[in-house]
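# A closer look at the structure
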Amino acid sequence: MSRARCHALFLAAVSPRGATTRVAVRRGLSAWPVLQEPDMEYQDAVRTLNTLQTNANYLEMVKRKRGDPQTQLEAMKLYLARSGLQVEDLDQLNIIHITGTKGKGSTCAFTERILRSYGLKTGFFSSPHLVQVRERIRINGQPISSELFTKHFWRLYHRLEETKDDSSCVSMPGYFRFLTLMAFHVFLQEKVDLAVLEVGIGGAYDCTNIIRKPVVCGITSLGIDHTGLLGDTMEKIAWQKGGIFKSGVPAFTVLQPDEPLAVLRDRAQQISCPLYLCPPLQALEEGGPPLTLGLEGEHQWSNAALALQVARCWLQQKGYQDAGELKASRPSLPGQLPLAPVFQPTPRMQQGLRHTEWPGRTQLLRRGPLTWYLDGAHPPSSMQACVRWFRQALHRCERPDSGSEVRVLLFNSTGDRDSAALLKLLQPCQFDYAIFCPNLAEMASTDNADQQNFTVTLDQVLLRCLAHQQHWSRLHEEQVSPDPWSTPGQEQDGPASLLLAPHPPHTHSASSLVFSCISHALQWITQGRDPLFQPPSPPRGLLAHPVADSGAMVLQEAAAIHVLVTGSLHLVGGVLKLLEPSLSQ
């Protein structure tokens, strides 16, 4: 099949009003926002926070001339001091520090929920946010209120402004550093019993790593991601992740490939950190009731196993008796990491696992004929797990008595990630349509500061979406015209039990569309059939294309529409903002 027959196109508003909007958005993305006088309103606080984002040109310069990472960590300590705190003050927070490539946020969410089930007041710092930036700082599992965010933001911002040194090249911390500082202040003022910190990127030089004495650390599954910052091998990435180890502080890791596991072991020995390997969750289930997780997907089992070990270690160090009865100790093999204890999860631990919520990760929304599958997978290993979850969920769903089923992919990928590799992993899902769009909820996003991003330009994100589309078209061509000398084999991502039931292709199979924003993409996908998503009338010309028009008829008549949204947590956040308006309140 030629690319012409794949009907790839770029869809955007073509009305005069739409053209004006596009120009406004282009300017908004590539220029600094106009600062307003602080009136203690939440949106004003977020707009000012956004000025701490690094613009796209400066990011490129930093990549070419990156300074000493250790110097960057020392700079974070200076920012902390300017904010009115010393590193020693953070010892009061009883911190749990979690890093990794895949499953950091889910592991933190499990850990926080388990310990909250013990009646503890919890703080939780994570990134990125999905809909509102205040989601990054949580008390007892809930994002802090707009009022609390606003109060702490202006207090910290003015304190840093007052202590600026005009001779310094960087007088204010960047976006993520500022929020890290703010989280420390919020947790201390709220007098939390513990704080769960998710590392941003890396570990050794991440700004959260200024803490001296965490209670316990955890390492989730490692993989190749953020290679420009962390290195291009698993060993280099493991070295970075192991940088959160502290002398005498217990740490736990899930099972890793041999090479990065050896790096973690050596790193722990150099730092005098006791590091333990988590047994699988099934070992903790033996002889007890089956464990139920609040998050779907097989990959969540290793995250839950790590969370249980981390939570139990924290409880034991704080003198809690009800921390799980030891079942057995398993001897470690020579030269390998010691195994963490196998214990019986307590009823409160089981309750925590069962009630864990973490939006945007293996999340299902059923709305009339549409089922939304939301997972912000972005590294290749996470995408493989996402594909397994999606296909298993399709197997479990009820089939319509009559009528067709349509599968739609809504995808975007950002940064230096290999989108072609990610899209190839998605091919076995047999999508009828592949939709690509930037992480812009709407073309005119200036009214919602939480969704603004000044680290990229509009030209960059649209060109990247067109590149995604080209990758998808090439992959489809290779699929329909395989190498005649190749040997057929089993699919790469799982056993035959995971294969989808035969899905007869429609005449529009492998059609791909590019929309200028998430709202336009959802308008086309839903065709007015999502009972809660009621957007304004689409701009004139939005559907003025043969494939968009014929596809609309298919979607209008389908008995079931399955939509997988993946590739970027920011994309998932934009979709949730539109599908669940209550999240913006």
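These numbers come from a predicted model, not from an experiment.

## A few points about the pairing of strand β14 (residues 405-411)
Burial analysis of β14 places seven of its seven residues in the buried class, the great majority of the element. Neither face of β14 is exposed, since Glu405, Arg407, Leu409 and Phe411 on one face and Val406, Val408 and Leu410 on the opposite face are all buried. Inspection of the sheet shows β14 paired to strand β15 (residues 433-436) by four bridges, in the parallel sense. Residue pairing across strands places Leu409 opposite Ala434, the latter belonging to β15.

## Here we look at the UniProt feature "binding site: Mg(2+)" (unreviewed entry) in the chain
This chain's UniProt record puts "binding site: Mg(2+)" (unreviewed entry) on Ser127, Glu198 and His226. Along the chain, Ser127 falls in the loop between β3 (122-125) and β4 (137-139). A relative accessible area of 14% means that Ser127 is categorised as buried. Ignoring anything within four residues of it in the chain, the contact list for Ser127 reads Arg136, Phe176, Glu198 and Gly200. Here Glu198 is to be found in strand β6 (residues 194-198). Setting aside chain neighbours within four positions, we find Glu198 in contact with Ile98, Lys104, Gly105, Cys108, Phe125, Ser126, Ser127 and Thr208. Only 3.5 Å separates the side chain of Glu198 from the backbone nitrogen of Ser127, close enough to count as a polar contact.

## Side note on the pattern of salt bridges
Tallied over the entire structure, the rule returns 13 salt bridges. Glu580 is the salt-bridge partner of Arg367, the closest N and O atoms lying 3.5 Å from each other. With Arg367 in strand β12 (residues 363-367) and Glu580 in the segment after α19 (569-579), the pair connects residues that are 213 residues apart, well separated along the chain. Relative accessible area serves as the criterion here: at 6%, Arg367 is assigned to the buried category. The network of salt bridges with common partners includes Arg367, Asp530 and Glu580.

## Re the sheet that holds strand β8 (residues 251-253)
Taken in spatial order, the eight strands make up an open sheet running β5-β4-β3-β6-β2-β7-β8-β9, and their pairing is mixed. Edge strands, defined here as strands with exactly one partner in the open sheet, are β5 (142-143) and β9 (275-277). Bridge count for β4 against β5 is two bridges, and the pairing is antiparallel. Directly across from Ile139, in β5, lies its bridge partner Gln142. Packed onto the sheet, helix α10 (residues 258-271) meets β7 (216-219), β8 and β9 and runs at close to 150 degrees relative to β9.

## Some thoughts on the nonpolar core
Phe149 and Phe187 are the most contacted members of the largest nonpolar core, which totals 43 residues. Looking at this core, the elements that each hand over two or more residues are α2 (42-50), α4 (69-82), β4, α6 (146-162), α7 (175-190) and β6. Ranked by the residues each element gives to this core, the list is headed by α7, at ten residues. Cys108, Phe252, Leu291 and Ala323 belong to the second largest nonpolar core, which has 40 residues in total.

Cut-off values and rules
Residues numbered from 1 in each chain as written. Predicted model: local features only at pLDDT ≥ 70, side-chain atom pairs only at ≥ 80, totals over all residues. Heavy atoms only, no water. Buried < 20%, exposed > 50% of the residue type's maximum accessible area, 1.4 Å probe, protein only. Helix = DSSP H or I, 4+ residues; strand = E, 2+ residues; numbered from the N terminus. Pairing = 2+ DSSP bridges. UniProt positions renumbered as here; feature names shortened; annotations may be inferred. Contact = heavy atoms within 4.5 Å. Polar contact = N/O pair within 3.5 Å; in protein donor to acceptor, adjacent residues only side chain to side chain. Salt bridge = Lys/Arg side-chain N within 4 Å of Asp/Glu carboxyl O. Axes fitted to C-alpha atoms, helices over the stretch in contact; angles between N-to-C directions. Core = buried A, V, L, I, M, F, W, Y, C linked by side-chain atoms within 4.5 Å.

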